[in-house]
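Each chain, written out:
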Amino acid sequence: SQEKELALRGQTNFDLSDRRLNLTNILLEGGKSRLAGHLSLSLAKPVVEGELKAECNDLTALSPLIHEKIHGRAVLQGRLFPSDEGQKVSLLMDATDVEVRSGKALRSRIEAHGTLSKTVPRGRITLEIQDGVIGDLSLPSSALILEGDLGNANFQLTAEGCYRDPFEISSSGLLTISVAEK
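Computed from a predicted structure; not experimentally measured. (Residues numbered from 1 in each chain as written. Predicted model: local features only at pLDDT ≥ 70, side-chain atom pairs only at ≥ 80, totals over all residues. Heavy atoms only, no water.)

### Description of the confidence of the model for the protein chain
At step 1: Overall, the predicted model of the protein chain reaches an average pLDDT of 91, with 97% of residues at or above 70.
At step 2: Averaged pLDDT values for the elements of the protein chain fall to 82 in helix α1 (residues 63-66) and rise to 96 in strand β4 (residues 48-56). (pLDDT = per-residue confidence, 0-100. Helix = DSSP H or I, 4+ residues; strand = E, 2+ residues; numbered from the N terminus.)

In structure tokens:
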């Protein structure tokens, strides 16, 4: 089957003054999707400030972007703001009736907060899935929380589900990611 191309249309007002590029009334629409917001980019230092909100009532339209068929609906909110430590980012995504080739979930939520600094990015991400199915594995409830940086992140995992038999998992610890030597 041949994938349809995603037709998008967009507009924004912009103003370049005081070494800042201000984008107001940002609007990007395509299919049953819409993104709106405002951003202000500092040209003196790499910092962005603003807010974006998106709503996609049919994730199928995004399939060409991720090169995989996807179904469902999602709402996304993002905030960017400067701090002494670097660029702060806050993201919230709520999705319902999501289905991909490998599984599906009635409801999923991703919440992330972090700092993108010149040294090591740090933050916290929470992934929650309700009524998820991956093959023979069913997950009525599951949550994963990661907090820290790419080198050392504390994690908490909770899940209840069924794979041949019902199970409950509760785990926490330290996740260390390092680059393998060649």
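### Regarding the environment of Gly-10
At step 1: Note on placement: Gly-10 falls in strand β1 (residues 9-17).
At step 2: You can call Gly-10 exposed: its relative accessible area is 55%.
At step 3: For the pair formed by Gly-10 and Leu-27, sequence separation is 17 residues and the distance between their alpha carbons is 5.4 Å.
At step 4: Non-local contacts of Gly-10, meaning those with residues more than four positions away in its chain, are made with Leu-27 and Leu-28. (Buried < 20%, exposed > 50% of the residue type's maximum accessible area, 1.4 Å probe, protein only. Contact = heavy atoms within 4.5 Å.)

### Describing the sheet that holds strand β9 (residues 137-149)
At step 1: One open sheet accounts for 11 strands, arranged β1-β2-β3-β4-β5-β6-β7-β8-β9-β10-β11; its pairing is antiparallel. Either end of the sheet is taken by a strand with one partner, and the two such strands are β1 and β11 (165-176). The average angle at which neighbouring strand axes cross in this sheet is 5 degrees, direction not considered.
At step 2: Two strands pair when backbone bridges link them, and β4 and strand β5 (residues 70-83) are joined in this way by 7 bridges, in the antiparallel orientation. Within the sheet, the bridge partner assigned to Leu-52 lies in β5 and is Gly-78. (Pairing = 2+ DSSP bridges. Axes fitted to C-alpha atoms, helices over the stretch in contact; angles between N-to-C directions.)

### Some words on the nonpolar core
At step 1: Core analysis: the biggest nonpolar cluster contains 6 residues, these being Cys-56, Leu-59, Ile-70, Ala-74, Ala-95 and Val-98.
At step 2: Not counting residues up to four positions away in its chain, the partners in contact with Leu-59 are Ile-70, His-71, Gly-72, Arg-73, Ala-74 and Val-98. (Core = buried A, V, L, I, M, F, W, Y, C linked by side-chain atoms within 4.5 Å.)

### A closer look at the pairing of strand β6 (residues 86-100)
At step 1: Direction of pairing for β5 relative to β6: antiparallel, over a ladder of 13 bridges. Across the sheet, the residue bridging to Phe-81 is Lys-88, located in β6.
At step 2: The hairpin turn running from β5 into β6, its antiparallel successor, is 2 residues long.
At step 3: Here β6 runs beside strand β7 (residues 103-116); their pairing, made up of 13 bridges, is antiparallel. Each bridged residue has a counterpart across the sheet, and for Val-89 the counterpart in β7 is Gly-114.

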